[in-house]
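The residues making up each chain are set out below.
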Amino acid sequence: IPLCQYKKTLAQEKKLYTKEDFLRIYRDMRIIREFETMLNEIKTKSVYNGVEYTNPGPAHLSIGQEASAVGQAYCLDINDFTFGSHRSHGEILAKGLSSIEKLTETELYDIMKEFLDGNILKVVEGKQEKQGDVKELAIDFLLYGALAEIFARTTGFNKGLGGSMHAFFIPFGIFPNNAIVGGAAPVALGAALYKRSNHKKGIVIANSGDGALGRGPVLEA
């Protein structure tokens, strides 16, 4: 389909971004890969970097899909909504990292301070080595909140009730995935209609894997 063919050369592509852009894109991909690698180590060996832990819950990993998640989220902000695929950890982190980059330090700190009465902030703030770096603190907040949710801890983004399959963080426009293959599509359609009807900023994205493309509700949405 000519409309979907992307034919820019490497030289043309490099003109669209700065060196700082490329370094941040790579950083975000590395963060996601290490996050998922850690989960895999916990699931298969019950230990990561010498820290022992057992997680009996699900962990649908997205190793190898980091570029698609970061590439999608790079231009999005908190007005854009993303709904997860069946393997959504990377999508959640990518959207969160993009949101952190675009928000001011004051906006970020207010979000962290107000979310769940600041309970997650208290945990990560107490562990922060370099005091005063709000952006780095926000990254710790994102990683800790997502991981604690996957591990069903009360300090997770959804108090551990969502887990790996239903994690979300509304302040950053991150909405959950679900256990139904392609289930994000019809829900995202509803969110998009809400935005259009109420003249809200932003776009809505439904992440779906190739297995979802054979589902009737996905095609209808």
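If you're wondering where the values come from, they're calculated on a predicted model, not measured in any experiment.

Asks: Before we move on, can you summarise the overall build of the chain with the specific residues and values?
Replies: When you go through the chain residue by residue, the secondary structure sums to nine helices and five strands. Mapped in sequence order, the helices and strands of the chain form the string α-α-β-β-α-β-α-α-α-α-β-α-β-α. The C-alpha radius of gyration computed for the chain amounts to 18 Å, which stays within 12% of the reference 17 Å derived for 221 residues, consistent with globular compactness. The proportion of buried residues among the 221 residues of the chain is 41%. Long-range pairs, those at least 24 residues apart, make up 62% of the contacts in the chain with a sequence separation of at least 6. Side chains of the chain carry 26 positive and 26 negative charges; the gap between the two charge centres is 4 Å.

Asks: Lay out helix 6 (residues 119-127) with the relevant residues and their values.
Replies: Given 3.6 residues per turn, any residue in an α-helix points the same way as the ones three and four places further on. Three or more residues of helix 6 are buried, namely Ile-120, Leu-121 and Val-124. In a view along the axis of helix 6, the buried residues occupy a sector of 95°, so they form one face of it. Turned more than 90 degrees away from the buried face of helix 6 sit Lys-122 and Gly-126, all of them exposed. Considering only its buried residues, helix 6 is in contact with helix 5 (105-114) and helix 7 (134-150).

Asks: Just give me the short version of the packing of helix 3 (residues 66-73) against helix 4 (residues 89-102), but keep the residues and values in it.
Replies: Helix-helix packing is described using two parameters, namely the angle between the two axes and the distance between the axes. Look at helix 3 against helix 4: their axes get within 8 Å of each other, and the N-to-C directions meet at 35°. In this structure, the crossing between helix 3 and helix 4 has a hand that is right-handed. Residues Ala-69, Val-70 and Ala-73 of helix 3 form the contact with helix 4, whose own contacting residues are Gly-90, Glu-91, Ala-94, Lys-95, Ser-98 and Lys-102. Within the contact of helix 3 with helix 4, the residues separate by chemical class into four nonpolar, two polar and three charged.

Asks: Summarise the environment of Ser-164; cite the residues concerned and give the values.
Replies: Relative to the helices and strands, Ser-164 is located in the loop between helix 7 and strand 4 (174-175). The exposure class assigned to Ser-164 is buried, which follows from its relative accessible area of 4%. With 151 residues separating them along the chain, Ser-164 and Glu-13 place their C-alpha atoms 35 Å apart. Discounting chain neighbours no more than four positions away, the residues touching Ser-164 are Pro-58, Ala-59, His-60, Ser-88, His-89, Glu-149, Ile-150 and Asn-177. A polar contact of 2.8 Å, which involves the side chain of Ser-164, links it to the side chain of His-89.

Rules used in this analysis
Residues numbered from 1 in each chain as written. Predicted model: local features only at pLDDT ≥ 70, side-chain atom pairs only at ≥ 80, totals over all residues. Heavy atoms only, no water. Helix = DSSP H or I, 4+ residues; strand = E, 2+ residues; numbered from the N terminus. Rg over C-alpha atoms; globule rule 2.2 N^0.38 Å. Buried < 20%, exposed > 50% of the residue type's maximum accessible area, 1.4 Å probe, protein only. Contact = heavy atoms within 4.5 Å. Lys, Arg positive; Asp, Glu negative; His and termini not counted. Charge placed at Lys NZ, Arg CZ, Asp CG, Glu CD. Arc of directions from axis to C-beta. Axes fitted to C-alpha atoms, helices over the stretch in contact; angles between N-to-C directions. Left-handed = near helix turned anticlockwise from the far one by under 90°. Nonpolar A, V, L, I, M, F, W, Y, C, P; charged D, E, K, R; others polar. Polar contact = N/O pair within 3.5 Å; in protein donor to acceptor, adjacent residues only side chain to side chain.

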